[in-house]
Amino acid sequence: MAGFRTLSSGLRALRPGAFGADPSGERMARIRRSPHFKDGVFQNPGGPARTRPSGSALDFAKVFFDKDTRPRRAPKGTVPVHSTTLADIARPPATGLRLTWMGHSSVLAEIDGRRVLFDPVWGERCSPFPFAGPKRLHPVPLPLAALGPVDVVVISHDHYDHLDMPTIKALAGTDTLFAVPLGVGAHLEHWGVSAGRLRELDWHETTKIGGLTLTATPARHFCGRGLRNTQHTLWASWVVAGDEHRIYHSGDTGYFDGFKEIGAEHGPFDATMIQIGAYSDFWPDIHMTPEEGMRAHLDLQGGPEHGPMLPIHWATFNLATHPWAEPGEGTLAAARAVGAGLALPRPGEPFEPTAGTVPSQPWWRGVALAPAGGSAAGEALAGAGIKTASDAAAMAQADTVSDDGREAGQGTEDPETLPAS
């Protein structure tokens, strides 16, 4: 038996630091007491979710390595990152609420005098290794050290494109607190974050930090960083509410009926941040399409008349087989189909959701390969998933007006103006 222990210890020593640590002790005991933990794993709302590609490996390989579609999964030019992020966020938001999308799911939220940083990923790759894995398609808008003090870092789950070890280690040297789903604290402690700076929550649990109320809410996803996925860390969406404003961050999730319940209990929101990228027919239960993302937004808001949706989880890393620009086009079409407010900032471009207007130009068109038939055809196809008979005419009219006189896919059109709500 001593030989087996020696082998086990040796394998642990070879384990990359980015794999983090498994929950143990009182943390594991708390996990076992969770009403959402059953049969040794956390359970998804709405029943089991497929977390690996369905169908055969050969079918997936054919799609993944297809030489005709692969070029569309990356921009054809330089992504237009906002150039004055630092100067812009140096001024306090006039309305008391400002969001700055840093790329992928990373968002700086300045809300009622506090600063909240969601899913910060400043690393070059979302991978446990610095030499392999999905690489950034655009630079981070500003260095992490230039961001300034952050009151709380919020983590949605422990996948590499949401929980980045180098970023957490850098933040561990600051005074910031961390709000994380149940079990995720084990990774952060392993990387140098003291237990006293962790607020580790199960779904529907709440913590108060500096006048803000943070609530972990359900999501439909999964977890895991190592070769062995133990399903012992929870995934979550988050509600952050201040004295005047409230916002929602979806993390990663498939569509489920729980969005309506979250909206009824915590909404409506001044803005939602909704995952709309890295979807696939091979894993339909754990990531939303743009149409499903818009449906989730409407469920959360109780209708299109409330705050805008900020699309997240796209444009920064190539994590699926859909074209790079498809999430943006699909979300734009879905918003038009229902008359919902939509914010389309470039990476690093701050905006205030409750101001009169928000960024609304499809900035990606200048650096994306146009879909077959042009942008108008791509939008119509993407919008078909949620377009109903009652608004079909309005959709057609909106497309005619907005696309009139511009060359599809060239990025030379005048900025569109969409209402904030």
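Residues numbered from 1 in each chain as written. Predicted model: local features only at pLDDT ≥ 70, side-chain atom pairs only at ≥ 80, totals over all residues. Heavy atoms only, no water.

Describing the sheet that holds strand E7 (residues 177-181)
Note the following rule: Here a strand pair is declared whenever DSSP counts at least two bridges between the two strands. To qualify as a helix, a DSSP run of H or I must reach at least 4 residues; to qualify as a strand, a run of E must reach at least 2; elements of each kind are numbered from the N terminus.
Judged by pairing direction, the sheet is mixed, and its 7 strands sit side by side in the order E8-E7-E6-E5-E4-E3-E15 without closing on themselves. One side of each edge strand has no neighbouring strand; the edge strands of this open sheet are strand E8 (198-201) and strand E15 (350-351). The pairing of strand E3 (residues 97-103) with strand E4 (residues 106-111) spans 6 bridges and is antiparallel. Residue pairing across strands places Trp 101 opposite Val 107, the latter belonging to E4.

Quick word on the packing of helix H8 (residues 290-301) against helix H9 (residues 326-338)
To keep things clear, this is the line we draw: Where helices are involved, their axes are fitted lines through C-alpha atoms of the stretch in contact, as for all axes, and angles between N-to-C directions lie from 0 to 180°. With respect to orientation, any angle under 35 degrees is reported as roughly parallel, any angle over 145 as roughly antiparallel, any angle of 65 to 115 as roughly perpendicular, and every other angle as oblique. The crossing is said to be left-handed when, going from far helix to near helix, the turn is anticlockwise and less than a right angle, and right-handed when the turn is clockwise. By definition in these notes, contact holds between two residues if any of their heavy atoms fall within 4.5 Å. Three classes are used: nonpolar for Ala, Val, Leu, Ile, Met, Phe, Trp, Tyr, Cys and Pro, charged for Asp, Glu, Lys and Arg, and polar for all others, with Gly counted as polar.
At a minimum axis separation of 8 Å, H8 and H9 run at an interaxial angle of 45 degrees. Between H8 and H9, the interaxial angle falls into the category oblique. Pair H8 / H9 crosses with right-handed handedness. Contacts from Pro 290, Glu 291, Met 294 and Leu 298 in H8 reach Glu 326, Pro 327, Gly 330, Thr 331, Ala 334, Ala 335 and Val 338 in H9. When grouped by side-chain class, the residues that make up the contact of H8 with H9 number 7 nonpolar, 2 polar and 2 charged.

Observations regarding empty space enclosed by the protein
For clarity, the cut-off: Within this scheme a cavity is a closed region of a 1 Å grid, computed over the protein atoms alone, that accommodates a 1.4 Å probe without allowing it to escape, whereas a pocket is open but has protein on both sides within 12 Å along at least five of seven lines; lining residues each have an atom within 4 Å of a point. Grid points are joined across faces, edges and corners, and a volume is the space filled by probe spheres set on the points.
Within the structure shown, the criterion is met by 2 cavities of 30 Å³ or more. Its boundaries defined by the atoms lining it, the largest cavity holds a volume of some 120 Å³. Broken down by class, the residue content of the lining of the largest cavity amounts to 8 nonpolar, 5 polar and 1 charged. If you add up the space inside the second largest cavity, you get close to 30 Å³. Taken together, Arg 72, Ala 74, Pro 323, Trp 324, Ala 325, Ala 368 and Leu 369 make up the lining of the second largest cavity. Taken together, the residues of the lining of the second largest cavity break down into 6 nonpolar, no polar and 1 charged.

Section: the layout of surface pockets
Roughly 990 Å³ of internal volume is contained in the largest pocket. Taken together, 30 residues make up the lining of the largest pocket; nearest its centre are Thr 51, His 159, Tyr 160, Phe 222 and Gly 224.

Things to note about the sheet that holds strand E14 (residues 309-312)
The strand order E9-E10-E11-E12-E13-E14 describes an open sheet built from 6 strands, whose pairing is mixed. Both outer strands of the open sheet, strand E9 (206-209) and E14, are each paired with one neighbouring strand and no more. Ignoring which end each strand starts from, the neighbouring axes of this sheet average 15 degrees apart. Of the pairings in the sheet, the one linking E9 to strand E10 (residues 212-217) comprises 4 bridges and is antiparallel in character.

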